[in-house]
Amino acid sequence: MSYQRSSWLCSAVSRKYGPTCLRYYSQNTRTTPRAKAQSKIAHIDAQRQFSPALVDSFHRRHDYLRISLTEKCNLRCFYCMPSEGVELSPADHILTDDEVIRLAGLFVRSGVTKIRLTGGEPTVRKGLDGIIRRLNELRPLGLQSIGMTTNGIALHRRLPLYVENGLTHLNLSLDTLDPFKFEIMTRRPGHDAVLRSLSAALHSQGLRSVKLNVVVVKGLNDSEVLDFVKLTVDKNISVRFIEFMPFTGNKWDKAKMVPSSQLLDIVSREYPSITRAPDELNDTARSWKIPGHAGSLGFISSMSDHFCSSCNRLRLTADGQIKVCLFDAKEVSLRDEMRRGASDRELLSVIGRAVQGKQEKHAGMEDIDVITNRPMILIGGIQPRKSRVRSLSRSYLLDGTLLLPHIHRRWSSSSSQSSLHLTHIGSDGRPCMVDVGSKDVTKRSATASGRIYIPRSAYDLVTESSNVDFTNKTIQKARSKGDVMTVAQLAAIMGCKRTSDLIPLCHPLQISNVSVTLTPERGVCPASQPGDEGALEYSIKCTATVACEGKTGVEMEALTAVSIGLLTVWDMLKAVAGKEMKIGEIIVAHKTGGKSGDFTRGP
Ligand code: SAM
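What you are looking at is a predicted structure, and each value in this text was computed from that prediction instead of being measured. (Residues numbered from 1 in each chain as written. Predicted model: local features only at pLDDT ≥ 70, side-chain atom pairs only at ≥ 80, totals over all residues. Heavy atoms only, no water.)

Asks: So what about the nonpolar core? Which residues, and what values?
Replies: Most often, soluble globular proteins have nonpolar side chains that are buried together. Of all hydrophobic cores here, the largest spans 98 residues; its most connected members are Ile115, Phe241 and Leu297. Top contributing element to this core by residue count: helix H4 (residues 97–110), with seven residues. Once residues within four sequence positions are removed from consideration, Phe241 is found in contact with Val214, Val216, Val225, Phe228, Val229, Leu263, Leu297, Gly298, Phe299 and Ile300. Counting residues in each nonpolar core, the second largest holds 34 residues, with Ile475, Leu518, Ala558 and Leu566 among its members. (Core = buried A, V, L, I, M, F, W, Y, C linked by side-chain atoms within 4.5 Å. Buried < 20%, exposed > 50% of the residue type's maximum accessible area, 1.4 Å probe, protein only. Helix = DSSP H or I, 4+ residues; strand = E, 2+ residues; numbered from the N terminus. Contact = heavy atoms within 4.5 Å.)

Asks: Please give an account of the pattern of salt bridges that cites residues and values.
Replies: Per the counting criterion, the structure on display carries 21 salt bridges. Note that Asp336 and Arg335 form a salt bridge whose closest N and O atoms lie 3.0 Å from each other. According to the relative accessible area criterion, Asp336 is partly exposed, its value standing at 28%. Using a relative accessible area of 9% as the deciding quantity, one classes Arg335 as buried. A single salt-bridge network, built from bridges that share partners, covers Arg102, Arg109 and Asp344. (Salt bridge = Lys/Arg side-chain N within 4 Å of Asp/Glu carboxyl O.)

Asks: Residues and numbers for the sheet that holds strand E19 (residues 582–592), please.
Replies: Sheets are built from strands paired through backbone hydrogen bonds, the pairs being either parallel or antiparallel. What the five strands build is an open sheet, ordered E17-E18-E16-E19-E20; its pairing is antiparallel. Sheet topology places strand E17 (511–524) and strand E20 (599–600) at the edges, where each strand pairs with a single neighbour. Note that E17 and strand E18 (residues 536–550) share 13 bridges and pair antiparallel. Pairing of Arg522 across the sheet is with Tyr538, part of E18. Sheet strands touched by helix H15 (residues 484–497): E17 and E18. Its angle to E17, the strand with the most contacts, is close to 140 degrees. Together, strand E16 (442–454), E17, E18 and E19 form the strand contacts of helix H17 (residues 555–577), whose direction differs from that of E16 by roughly 25 degrees. (Pairing = 2+ DSSP bridges. Axes fitted to C-alpha atoms, helices over the stretch in contact; angles between N-to-C directions.)

Asks: Report on the packing of aromatic side chains, specifying residues and quantitative values.
Replies: Tallying each qualifying case throughout the model produces five aromatic pairs. Between Tyr459 and Tyr538, the ring centres sit 4.8 Å apart and the planes meet at 45 degrees, which makes this aromatic pair tilted. Of this pair, Tyr459 sits in helix H13 (residues 456–462) while Tyr538 sits in strand E18, and the two are 79 residues apart along the sequence. For the pair formed by Tyr459 and Tyr538, the shared burial category is buried. Among the aromatic residues, ring-to-ring pairing joins Phe78, Tyr79 and Phe244 into one connected group. Over the ring of Phe50 we find Arg61, and its NZ or CZ is 4.1 Å from the ring centre. One Lys or Arg, Lys114, reaches over the ring of Tyr64 and ends 4.7 Å from the middle of that ring. (Phe/Tyr/Trp six-rings, centres within 6.5 Å; stacked < 30°, edge-to-face > 60°. Lys NZ or Arg CZ within 6 Å of the ring centre and 35° of its normal.)

Asks: Please set out the packing of H15 against H17 residue by residue, giving values where relevant.
Replies: Contact geometry of H15 with H17 gives a least axis separation of 7 Å together with a crossing angle of 145 degrees. H17 is crossed by H15, and the crossing has right-handed handedness. Taking contact as the criterion, the partners of Val484, Val487, Ala488, Ala491, Ala492, Gly495 and Cys496 in H15 are, on H17, Glu557, Thr560, Ala561, Ile564, Gly565, Thr568, Val569, Met572 and Leu573. Residue classes in the contact of H15 with H17 are distributed as eleven nonpolar, four polar and one charged. (Left-handed = near helix turned anticlockwise from the far one by under 90°. Nonpolar A, V, L, I, M, F, W, Y, C, P; charged D, E, K, R; others polar.)

Asks: Explain the site of the ligand residue by residue, including any values.
Replies: In the vicinity of the ligand there are 22 residues, among which Tyr79, Gly120, Glu121, Ser173 and Met245 approach most closely. Between a nitrogen atom of the ligand and a main-chain N or O atom of Gly120, the distance comes to 2.8 Å. Glu121 is positioned with one of its side-chain polar atoms (N or O) 2.9 Å from a nitrogen atom of the ligand. Protein chains shield 97% of the accessible area of the ligand, which is 550 Å² for the free molecule. Taken atom by atom, the bulk of the ligand overlaps the largest cavity. Of all the secondary-structure elements, those providing two or more residues to the shell around the ligand are strand E3 (145–150), strand E5 (209–216) and strand E6 (238–243). (Near = heavy atom within 4 Å. Polar contact = N/O pair within 3.5 Å; in protein donor to acceptor, adjacent residues only side chain to side chain. Areas by Shrake-Rupley, 256 points an atom, 1.4 Å probe, with all protein chains shown as cover. 1 Å grid on protein atoms, 1.4 Å probe; cavity = no way out; pocket = protein on both sides within 12 Å on 5 of 7 lines; lining within 4 Å. Sits in = over half its atoms within 2 Å of the grid points.)

Next up, the structure:
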């Protein structure tokens, strides 16, 4: 290890963890062949140019790229995937091998030194061995490690080939040592296959590190923590306990999350001599070592104590979106840029804008906005940040063309998701319809609601209260148009069927059902004082549920039905209610089906 680098690291280790750790660190790094190799790498690294495109506004250098190779998985882990499953992108939306390698090469030439393959489940990607081999060819450009995170179901036989082709680091996900619990957590059999893969990995000569990822869920596998610790007695493995993180559709609950500090307490009680070990540079895990154990422990506290300040990661989803943070729903499609013929310079400029948009840190546990993010299975990997739509800034291609922002929010909802990708803006910045030709036809429904506030006189009229003077001429005029509720209901249904004529880029849909209800309601005005007699407010709530079997959702149809229904109430009542009425609170209350899954709006 070069003097300069080792002295810098030693003082950093000493500053951060104290002299005990420094001793440990020094003993383990001074003269080993690995340290020599690292020194060489550091030297090459120092001579390489690091592209400013990979440095964010908080001076974090992003030299670690996680590439999701597929959205498919051979397990159904409940914390990773909604129970109803996820709708996979059409095959032609997934990056091809050549596209993966092109982007990987661009990132490596720009400064990335570590690549990790993930998914979905990376081992289900056809031609994975070839991808690893081609990534390995990027070493002369500065790539230092090729890692993979896998569930190990289909690994043990193929592992030697992957290692031969260049795989250097393996993270195996295994949350329980109990085969029955395994089936509960993953909704699939295969525990013994994972154990075989673990054994193959531990016997592999070529792998530089083997880690075990354990997502700890209270009441499910937290009782196994000490059993996992025992694995480190004679196995050179790092067992990493990961805090259960919220993602769209994974039914996260704070009560199910066991903070790393609690786990460390449990382990410390059993092993009081446990000591803090130096972390790998930019590692997400805080490392600990039990004297005498061959392996080590890591705690990934993404929720209780994030590690954003040292975050050096970028993610590429299987469908070619770049994500700058796991919990940030913003995505930029590098695939679309590549397929429209963007040059490497243009791609790097798009990447640079995304990196510049990276926030300083993700929200606290209470505030993490799962609502806008993808389920984990469609992202891959571990590590977080709050989803917030950035103010949309204009961006320009290198040739000066104005682009609308490439900010995509594909997932949104409190219990599930909805699409906020600016789908009606093409990569040339112009309005376009979404091509749904390759999407599957699925059952979809949406319920929207809204309200019209009306004066008491109008309320009495629609409820046919005995207060109404039906001989009054204005009342008679209002009634001459017909029954307010029935007319509004029919208008809502007719309006719903015309949605694609009214909203320019909406697709015409084959609606299978529309049901509309209008309910007069009387409530206390929120602004009223106690004892204030006249403080009641009167309204009619319109609710529309629309169903179809199609390729796009029916939220627009439900919203249109409600809007037209309420406007019709206005028209019907204006003779008695005048212009004081107010229409508002038009929302999507619920939706089912489609790629973004189910959504129910909170209170
Ligand atoms: N299929 C591969 C696997 O199982 O390792 C790679 C993809 S998986 C999404 C990557 C990692 O994310 C796994 O280690 C998994 O345990 C972790 N993970 C998934 N959902 C999580 C959640 N809700 N909280 C914490 N970690 C999660």
